[in-house]
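Commentary on secondary and tertiary structure
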Amino acid sequence: MQTKRIHWMALAFVVGSAFLLLGFFGREVYRQAPPIPGRIVSVSGAELATRDQILDGQQVWQSAGGQQLGSIWGHGAYQAPDWSADWVHRECVALLEAWSRAEHGSAYDDLAPGPRAELEGRLKSELRTNTYDAATDTLTIGDARAQAWEVVGAHYRGLFSDDPALASLREDYAIHEGAVRDPERLQRLSQFFAWTAWACVTNRAGESYTYTNNWPHEPLIGNVPTASNIVWSVLSILLLLAAVGGLVWYRAAGSGKEEPHEVPSRNPLGDLVLTPSMRAVAKYCAVVVALFVVQVLLGAVVAHYTIEGDGFFGFPLAKYVPYSLARTWHIQTAVFWIATAFLGAGLFLAPVIGGKEPPYQRLGVNVLFGALLIVVVGSLTGEFLSIHQKLGLNAGFWFGHQGYEYVELGRVWQLALFVGLLLWLFLMVRAILPALRRQESRGLIGLLSMAIVAIGLFYGAGLLYGARSHLSVAEYWRWWVVHLWVEGFFEVFATGVLAFLFSSLGLVERSSATRAFVASTTIFLLGGIPGTFHHLYFSGTPVSITAVGAVFSALEVVPLVLIGYEAMDTLRMGRAAPWVEHYRWPIRFFLGVTFWNLVGAGLFGFLINPPVALYYMQGLNTTPVHGHTALFGVYGLLSLGLVILLLRKLTGNRTWRTGALAYSFWALNIGLALMVLLSLLPVGLLQTWASVERGLWFARSSEFLQTPLIERLRWLRIVGDSVFLTGVASLVWFTLGLWRGWSYATDSSNEEAALDEDLAVLRT
């Protein structure tokens, strides 16, 4: 009992301390965000922009797709440039060219080394000197720089409209014709880009580094990694090695090992009686598979746009579903089907955990299902209207596209989803409440209940910024949703669900499952909560964010060191007794999760985690390497495993024909590996080399990305994608077969009667 109390006290201390850190340094994000000047003027007195115009431009950017059309400060899509880095380089070149022609009568590239060095020194001084006056809330820039802003702004106004001279570049960037048509919106968009670039090149007051900690790499003005960037990178690696060594020593010493456990001779859940609400969850499973298919097909379209930016094998698809919209839908449907799988699994298991079905639970499950469908259809429609510029700026934010990756859906739909999560929270808590009164299950169910509450409430963090909130502030709260809600508490919930299932099946002792659940949650949240800051190194945040993010996010990798033990334990469970064969394929999918947890979340995650690595890699294809292998490899496979487990129980004890399911499992995993190893990872590493050598602008430029080598590597993705798609098709075939009958074996006299009963369950 004492050990158990210590574990709970450690968990409470870790969670409380971690959120204190997150909140305290979040205050610093607000306090030290780059200023948005009330006015930007030239030395001669011309007004170049106002705060309201910059924020209007931010809303134009959001309405056009925002982070799904290029990126800002490294966050967003990877086909078009990072607009802040691209603006910086174009402004540097425009200034150098203007000075060279005015003072030397020749192009900058034709100058001798001496004059070139003199101009580059002046450029660094001009751009890095902070001329913002807080007393008057005015930023003053030189006349030559103001002219350079006009040159770069004109380029962007032509690029985002329909200038024929830039048609080829638009195709390279996968920007559809007339992405922004209104001249005033185009002007505001360029003013917003100019401000984001200014924050990248201007030193903080009294400091020798910029508001974005010298990001992006731009040799022309001396934007290179800061001393703190390098020092905290080294310290994070040292801390990781020390923590890994301690954990391995702890395991080698025999601590944490469980006594051998005898598995029951028969399936403890074999006689489980399905309640009406559990039967109602069947349609959640169908929607998960349907949205999975849509999401994967959209992913294939997005991948093809990297080769043919304005169409799909000659068909002008971009007129209807441009890259920014296809990528928006691709990410949104991924969030929807993964979340639906988790919500459905929770609703199915709630009566099992609680021991009985509360009144009107089935009605609640059906109401929630209808609400989720409204959110899905409404948000996808709004995003279509917004990207096609059919909505006003304010209406676009509320009903269309918020512009931020993973939380693109309009605020109205975001509010509706939050209400749906609160309804799910209510349905879950009322169903499992009886279990909390039972002493033998209070620990496991109590922690699982905390995860349920966190899932219901933490999505609300995405409501704490608005359309005109400062970009640094919006990024802070966005990562609460992406990192804490999705990567944090969904993982805690999934761990709890699996602990409950395996203990209910008798594969592990309930006490052992509880101790393991508490310990793994403690270790994971220790790094996971303050580790949120590793997404914000260069988002206009102070150096303290780099320090906290680097140290704690390194700890996120530590639990993955023992992933081999977890995988072996999962594999042993699948061989524990003959009846466990009934759950073979859900367990196989959970085994796949452990592999990708190590590779996707661990190896590929830490590849871009240290500040000095992310300095050069942020916004490159190394990020989707981690994104695909962690989001699908971990959460996707886990969601599919949960759905297959639900289908296993919904179809009774009938024998499945699992050939199609087996093929699907291997094709999904092999296809994902080929997609990454043949295409995404090589492209990302080549981009990293280019970023280190010449700057981020070059690594994201059409000049680099349209080279024959990069195009061949992008075409190679079709190999992995094709294998993956066959796995999706096989899964669909198997799932349809559970409804139509061909996925069942017919090897007993009672097969037909049982099959009719199972089909009735699914139809219900």
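Residues numbered from 1 in each chain as written. Predicted model: local features only at pLDDT ≥ 70, side-chain atom pairs only at ≥ 80, totals over all residues. Heavy atoms only, no water.

**Regarding the overall build of the protein chain**
Counting secondary structure elements, the protein chain contains 27 helices and six strands. Computed over its C-alpha atoms, the radius of gyration of the protein chain comes to 27 Å, within 12% of the 27 Å expected for a compact globule of 764 residues. Buried positions account for 62% of the 764 residues belonging to the protein chain. Contacts in the protein chain between residues far apart in sequence, at least 24 positions, make up 76% of those at least 6 positions apart. In the protein chain, 53 side chains carry a positive charge and 56 a negative one; their mean positions are 9 Å apart. (Helix = DSSP H or I, 4+ residues; strand = E, 2+ residues; numbered from the N terminus. Rg over C-alpha atoms; globule rule 2.2 N^0.38 Å. Buried < 20%, exposed > 50% of the residue type's maximum accessible area, 1.4 Å probe, protein only. Contact = heavy atoms within 4.5 Å. Lys, Arg positive; Asp, Glu negative; His and termini not counted. Charge placed at Lys NZ, Arg CZ, Asp CG, Glu CD.)

**Regarding helix H11 (residues 323-354)**
Counted at 1.5 Å a residue, the expected span for H11 with its 32 residues is 46 Å, and the 46 Å between its end C-alpha atoms agrees. Considering bend angle alone, the principal kink of H11 is centred on Phe-348 and spans about 30°; proline Pro-351 follows within four residues of it. A positive backbone phi angle near 95° is found at Gly-355, which sits one or two residues after H11. (Expected span 1.5 Å × (residues − 1). Bend = angle between axes of the 7 residues up to and from the residue.)

**Considering empty space enclosed by the protein**
Under the defined criterion, the tally for this structure stands at six cavities of 30 Å³ or more. There is about 130 Å³ of room inside the largest cavity. Taken together, 16 residues form the lining of the largest cavity, with Phe-336, Thr-340, Leu-372, Val-376 and Leu-417 sitting closest to its centre. Looking at the lining of the largest cavity, the elements that each hand over two or more residues are helix H10 (282-305), H11, helix H12 (361-387) and helix H14 (411-436). Grouping the constituent residues of the lining of the largest cavity by class yields 15 nonpolar, one polar and no charged. The calculated volume of the second largest cavity comes to roughly 100 Å³. What lines the second largest cavity is a set of 13 residues, among which Leu-269, Leu-349, Leu-501, Leu-645 and Lys-649 lie closest to the centre. At the level of elements, H11, helix H16 (471-504) and helix H22 (622-650) are the ones that each hand at least two residues to the lining of the second largest cavity. Of the residues that constitute the lining of the second largest cavity, the class distribution is eleven nonpolar, one polar and one charged. (1 Å grid on protein atoms, 1.4 Å probe; cavity = no way out; pocket = protein on both sides within 12 Å on 5 of 7 lines; lining within 4 Å. Points joined across faces, edges and corners; volume = space filled by probe spheres on them. Nonpolar A, V, L, I, M, F, W, Y, C, P; charged D, E, K, R; others polar.)

**Side note on the pairing of strand S6 (residues 138-141)**
Pairing geometry for strand S1 (residues 39-42) and S6, over four bridges, is parallel. Bridge assignment links Ser-42 to a residue of S6, and that residue is Ile-141. Where strand S5 (residues 132-133) lies against S6, two bridges are found, and the strand directions are antiparallel. The residue bridging Asp-133 from the neighbouring strand is Thr-138, located in S6. Remark: four residues form the turn of the hairpin made by S5 and S6, two consecutive strands paired antiparallel; Asp-137 in that turn has positive phi of roughly 55°. (Pairing = 2+ DSSP bridges.)

**Let's talk about the side chain of Asp-137**
Positionally, Asp-137 belongs in the loop between S5 and S6. Only 2.5 Å separates the side chain of Asp-137 from the side chain of Arg-51, close enough to count as a polar contact. Not counting the four nearest positions on each side in its chain, Asp-137 is found in contact with Ile-36, Pro-37, Gly-38, Arg-39, Arg-51 and Tyr-132. (Polar contact = N/O pair within 3.5 Å; in protein donor to acceptor, adjacent residues only side chain to side chain.)

**Details of a nonpolar patch on the surface**
On the surface, a nonpolar cluster with roughly 780 Å² of combined accessible area is contributed by Phe-312, Phe-313, Phe-315, Tyr-320, Trp-715, Leu-716, Ile-718 and Val-719. Assignment of secondary structure puts Val-719 in helix H26 (residues 708-740). (Patch = residues over 30% accessible without salt bridge, like charges linked within 9 Å, V, L, I, M, F, W, Y side chains within 5 Å. Areas by Shrake-Rupley, 256 points an atom, 1.4 Å probe, with all protein chains shown as cover. Salt bridge = Lys/Arg side-chain N within 4 Å of Asp/Glu carboxyl O.)

**So, the packing of aromatic side chains**
Enumeration over the complete set of coordinates arrives at 53 aromatic pairs. Ring geometry for Trp-61 versus Tyr-404: centroids 5.9 Å apart, planes at 80°, classification edge-to-face. Of the two residues, Trp-61 is situated in helix H2 (residues 51-63) and Tyr-404 in the loop between helix H13 (393-400) and H14; the sequence distance between them amounts to 343 residues. When sorted by exposure, Trp-61 lands in the same class as Tyr-404, which is buried. Here the aromatic rings of Tyr-537 and Phe-538 are separated by 5.8 Å at their centres, their planes lie at 70°, and the arrangement is edge-to-face. One Lys or Arg, Lys-283, reaches over the ring of Phe-369 and ends 5.7 Å from the middle of that ring. (Phe/Tyr/Trp six-rings, centres within 6.5 Å; stacked < 30°, edge-to-face > 60°. Lys NZ or Arg CZ within 6 Å of the ring centre and 35° of its normal.)

**Remarks on the environment of Val-29**
Tracing the chain through its elements places Val-29 in helix H1 (residues 2-31). Through-space distance from the C-alpha of Val-29 to that of Thr-541 is 5.5 Å; in sequence the pair is 512 residues apart. For Val-29, the contacting residues outside a window of four places in its chain are Ser-472, Val-473, Tyr-476, Thr-541 and Ile-545.

**As for the environment of Phe-399**
The topology assignment puts Phe-399 in helix H13. Residue contacts for Phe-399: discarding those within four places in its chain leaves Gly-382, Leu-391, Gly-410, Val-412 and Trp-413.

**Focus: the pattern of salt bridges**
In total, this model carries 18 salt bridges according to the counting rule given. One salt bridge in this structure joins Glu-47 and Arg-39, with 3.0 Å as the shortest N-O distance. One salt bridge in this structure joins Glu-97 and Arg-101, with 2.8 Å as the shortest N-O distance. With a gap of four residues between them, Glu-97 and Arg-101 both fall in helix H3 (residues 83-104), about one helical turn apart. Taking the relative accessible area as the measure of exposure, Glu-97 reaches 23% and is therefore partly exposed. Through salt bridges with shared partners, one network takes in Arg-27, Glu-28 and Arg-31.

**Thoughts on the nonpolar core**
Trp-83, Phe-160, Phe-193 and Phe-292 are the most contacted members of the largest nonpolar core, which totals 242 residues. Top element by residues in this core is H16. It accounts for 23 residues. Ignoring any residue separated from it by four or fewer positions in sequence, one finds Trp-83 in contact with Leu-69, Gly-70, Ser-71, Ile-72, Tyr-156, Leu-159, Phe-160, Tyr-173, Ile-175 and Phe-193. (Core = buried A, V, L, I, M, F, W, Y, C linked by side-chain atoms within 4.5 Å.)

**A short note on the state of the cysteines**
Under the counting rule described, the total for this entry stands at zero disulfides. Lacking any disulfide linkage, Cys-200 is separated from the closest cysteine sulfur, that of Cys-92, by 11 Å. The exposure class of Cys-200 is buried, given its relative accessible area of 0%. (Disulfide = S-S within 2.5 Å.)

**Examining the confidence of the model for the protein chain**
Here the protein chain averages 90 in pLDDT, and 93% of its residues register 70 or above. Ignoring residues within four places in sequence, the model shows residues 748-762, a span with pLDDT below 50, making 31 contacts including any to other chains. (pLDDT = per-residue confidence, 0-100.)

**Details of the packing of H14 against helix H15 (residues 442-458)**
Where H14 contacts H15, the axes come no closer than 9 Å and their chain directions differ by 170°. What the angle tells us is that H14 and H15 run roughly antiparallel. Listed contacts from H15 to Phe-418, Leu-421, Leu-422, Trp-424, Leu-425, Met-428, Ile-432, Ala-435 and Leu-436 of H14 are Arg-442, Ile-445, Gly-446, Ser-449, Ile-452, Val-453, Ile-455, Gly-456 and Leu-457. (Axes fitted to C-alpha atoms, helices over the stretch in contact; angles between N-to-C directions. Parallel < 35°, antiparallel > 145°, perpendicular 65-115°, else oblique.)

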